[in-house]
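Survey of secondary and tertiary structure
Here is what each chain is made of, one letter per residue.
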Amino acid sequence: MTKALLVIDVQNDFCTGGALAVPDGDAVVAPINAMMDHFDTVILTQDWHPSGHSSFASSHPGRGPFDTVEMPYGTQVLWPDHCVQGSTGGAFHPDLRVDGDLILRKGFRRDIDSYSAFFENDQTTPTGLDGYLGSRDITDLTLVGLALDFCVAFSALDARRLGYAVTIASDACRAIDLDGSLETQLANMRQRGVNFT
Ligand code: VGL
Ligand code: ZN
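Turning our eyes to something else, we now look at the pattern of salt bridges. For the coordinates displayed, the defined rule picks out eight salt bridges. Salt-bridge contacts for Arg 174 lead to Asp 24; the nearest nitrogen and oxygen are separated by 3.0 Å. Here the residue Arg 174 occupies a position in strand β7 (residues 165–174), and Asp 24 occupies one in the loop between β1 (3–8) and α1 (29–35), the gap between them amounting to 150 residues. On the basis of relative accessibility, which here comes to 22%, the residue Arg 174 falls in the partly exposed class. Classification of Asp 24 by relative accessible area gives partly exposed; the value is 48%. Here Asp 158 makes a salt bridge to Arg 161, at a shortest N to O gap of 2.9 Å. Residue Asp 158 and its partner Arg 161 are both found in helix α3 (residues 148–161); the two are separated by three residues, about one turn of the helix. You can call Asp 158 buried: its relative accessible area is 6%. When salt bridges with common partners are traced through the structure, they connect Asp 9, Asp 47 and Lys 106 into a single cluster.

What follows is about the site of ligand 1. Taken together, Asp 9, Phe 14, Leu 20, Asp 47, Trp 79, His 82, Tyr 115, Leu 146, Ala 147, Phe 150 and Cys 151 make up the full set of residues adjacent to ligand 1. At 3.1 Å from a nitrogen atom of ligand 1 is found a side-chain nitrogen or oxygen belonging to His 82. One of the backbone N or O atoms of Cys 151 is found 3.1 Å from an oxygen atom in ligand 1. Calculation on ligand 1 without its partners gives an accessible area of 260 Å², and the protein chains cover 100% of this total. Classifying every residue of the shell around ligand 1 by side-chain character gives eight nonpolar, one polar and two charged.

Time to look at α3. Extensive coverage of α3 is indicated by the burial of 11 of its 14 residues. All of the buried residues in α3 are Leu 148, Asp 149, Phe 150, Cys 151, Val 152, Ala 153, Ser 155, Ala 156, Leu 157, Asp 158 and Ala 159. On its buried side, α3 packs onto β1, β5 (102–106), β6 (140–146), β7 and α4 (181–191). Phi turns positive one or two residues past the end of α3, at Gly 163, with a value near 100°.

Calculation notes
- Residues numbered from 1 in each chain as written.
- Chains lettered and ligands numbered in written order.
- Predicted model: local features only at pLDDT ≥ 70, side-chain atom pairs only at ≥ 80, totals over all residues.
- Heavy atoms only, no water.
- Salt bridge = Lys/Arg side-chain N within 4 Å of Asp/Glu carboxyl O.
- Helix = DSSP H or I, 4+ residues; strand = E, 2+ residues; numbered from the N terminus.
- Buried < 20%, exposed > 50% of the residue type's maximum accessible area, 1.4 Å probe, protein only.
- Near = heavy atom within 4 Å.
- Polar contact = N/O pair within 3.5 Å; in protein donor to acceptor, adjacent residues only side chain to side chain.
- Areas by Shrake-Rupley, 256 points an atom, 1.4 Å probe, with all protein chains shown as cover.
- Nonpolar A, V, L, I, M, F, W, Y, C, P; charged D, E, K, R; others polar.
- Contact = heavy atoms within 4.5 Å.

What follows is the structure, given as structure tokens:
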């Protein structure tokens, strides 16, 4: 059994003052930094959108942030512009330790969003993370970061689907909680065998 820590999207735009600030988002930084010493492999993900990304409300005239639209791959929530490639908002929180083994970027294709670290939102286009983990014999994942009810949850559910043992360290996560999304995703994750500490 080999374990990895998967640190999801601890970026300025999801923290205080950011474009899509998750309430109390900064609070995850200290516990995540402390956890890193206890894992041989640390992987950080970075939400990394081109300007004009299709998940941005600004790309849909007449629509606003947190509306939903139908995309060819399903329903998509529209977000404020966030985590634009190369922007300060897209950078990791300045206090986050970034001495991980791998930085995986996602959401870089204009026409499709990618909440999960494993698959884009069509749930079929792989990011390559499963291959990386498999070739390093990693079977157990601990997930932390932002946001618990979106990118952390989608990553955890895909990881279970792919056969990993998955633990979420709850105090190192914070949620957006949009229309009950936190409760819904917690129930989904429990049902599919995600462990919580
Ligand atoms: C996220 C919404 C849009 C996340 C990313 O990291 O949870 N949420 N893009
Ligand atoms: Zn995003």
